[in-house]
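Residue-level structural notes
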Amino acid sequence: MGKKHVFNAGPCLLPQVAIDKAIEALKDFKGTGVSLISISHRTKEWDEVMNECRALWKELLNIPDTHEVVFLGGGASLQFLYVAMNFLEKKAAYLETGVWAKKALKEAKGLGDAYALASSADKNYSYIPKGYVIPEDIDYFHITTNNTIYGTEIKEDIDCPVPLIADMSSDIMSRPVDVSKYALIYGGAQKNVGPAGVIFAIVRKDALGKVSRYIPTMLDYRTHIDKLSMFNTPPVFSIYVMYETLKWLKGIGGVEAIHAVNRRKADLLYAEIDRNPLFVGTAAKEDRSDMNVCFVMAPGYEDLQDEFLAFAKEHDMVGIKGHRSVGGFRASIYNACTVEDVQALVDCMQAFEKLKK
Ligand SMILES: *Cc1c(COP(=O)(O)O)cnc(C)c1O
């Protein structure tokens, strides 16, 4: 069996060193003689992990003192509700760029007047809407920076006259972000920074406390900021692997360095999609994601889809089947995916082309 090239969309590839460190900690956490999953989270050793993990987040993303980062359970999907609970008083606008954005909007609709300011549903979310004007009388504007399913991405920190909230589940730590422009950045860890089971939320502290509703204790960001993400038992395993993943990222030069690598990987794969007559990309070129690369068989070659999937599998490619709502193929090339992995996929596409032409 050859080395697998893992392009899973999430959970996804993580750096091998983080996996190895997790295995060690599962056996013996920091020389305590106790497994990571058997320790008390009220110990000095665990506190150190939490504190260092938080410090790594702040350092890697240049998080200013106005903001705090918390780690919670429940998935990004529960954050959709947190957002509305903590920020929606009367009215909020959402940029509808895909299924996740729609799900986020749905939760807000349950709590107030939330609506889609612009949508790309007309073309199956294959582009990012432009030319919309953000009204100034809303509580917040919500965007999904990377649309994991459709392979589109908002790569700039947009100017926003109202508090800006972003679901960055699938592109956090892949490129530099100006955190000061956001009231909240949140996401599940499992797309780029760790295993499933933990979310991150980077909250501007003075943006909280502006709604009049009762916020249940567990759904109130202030609870978790006050208790440094230890109000209740934190998902220790997931946080530990995230911590080791961030240590790895820092060790290779941080977000700027990984961004350069991510740009190279995306350019390499999109260049092949554009060159290879058998394949065609599905996302609008100017909105293409650096994280999730979506493509289908070109017109005239549609019946080769299953054959290419089988061919790719034989050549050790894992997880390139597209999401059912787009079809075709999707290669998720998050931080831990290497230029060599992407080159292997490109080679595979070229080998398939030779076979067929
Ligand atoms: C995967 C994903 C989610 C959902 O995350 P869960 O942790 O499974 O709830 C939300 N938003 C985006 C952009 C995603 O990619």
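What counts, and at which threshold
Residues numbered from 1 in each chain as written. Predicted model: local features only at pLDDT ≥ 70, side-chain atom pairs only at ≥ 80, totals over all residues. Heavy atoms only, no water. Domains from an automatic or database assignment. Contact = heavy atoms within 4.5 Å. Buried area = accessible area lost by both parts, 1.4 Å probe. Salt bridge = Lys/Arg side-chain N within 4 Å of Asp/Glu carboxyl O. Polar contact = N/O pair within 3.5 Å; in protein donor to acceptor, adjacent residues only side chain to side chain. Helix = DSSP H or I, 4+ residues; strand = E, 2+ residues; numbered from the N terminus. Nonpolar A, V, L, I, M, F, W, Y, C, P; charged D, E, K, R; others polar. Near = heavy atom within 4 Å. Areas by Shrake-Rupley, 256 points an atom, 1.4 Å probe, with all protein chains shown as cover.

1. Points about the domain arrangement of the chain
Its domain assignment divides the chain into domain 1 (16–251) and domain 2 (254–356). Here domain 1 and domain 2 have C-alpha centroids that lie 27 Å from each other. If you look at the interface, domain 1 gives 26 residues, while domain 2 gives 26 residues. At the boundary of domain 1 with domain 2, total buried surface from both sides reaches about 2000 Å², with 53% on carbon and sulfur atoms. For the pair domain 1 and domain 2, the number of links is two salt bridges. Close ionic contact of Asp 287 with Lys 130 constitutes a salt bridge, the shortest N to O distance being 2.8 Å. Joining domain 1 to domain 2, the criterion identifies 16 residue pairs in polar contact (both at pLDDT 80 or more). With three residues, helix α6 (residues 236–251) is the largest single contributor of residues to the side of domain 1 that touches domain 2. Taken together, the residues of the side of domain 1 that touches domain 2 break down into ten nonpolar, nine polar and seven charged.

2. Concerning the site of the ligand
Inspection of the region around the ligand gives 13 residues, with Ser 77, Thr 148, Asp 167, Gln 190 and Lys 191 positioned closest. Residue Ser 77 places a side-chain N or O atom 2.6 Å away from an oxygen atom belonging to the ligand. Here Thr 148 contributes a side-chain N or O atom positioned 2.4 Å from an oxygen atom of the ligand. For the ligand, whose free accessible area comes to 380 Å², the fraction covered by protein is 87%. Looking at which element gives the most residues to the shell around the ligand, the answer is helix α3 (residues 75–87), with four residues. Here the residues of the shell around the ligand sort into three nonpolar, eight polar and two charged.

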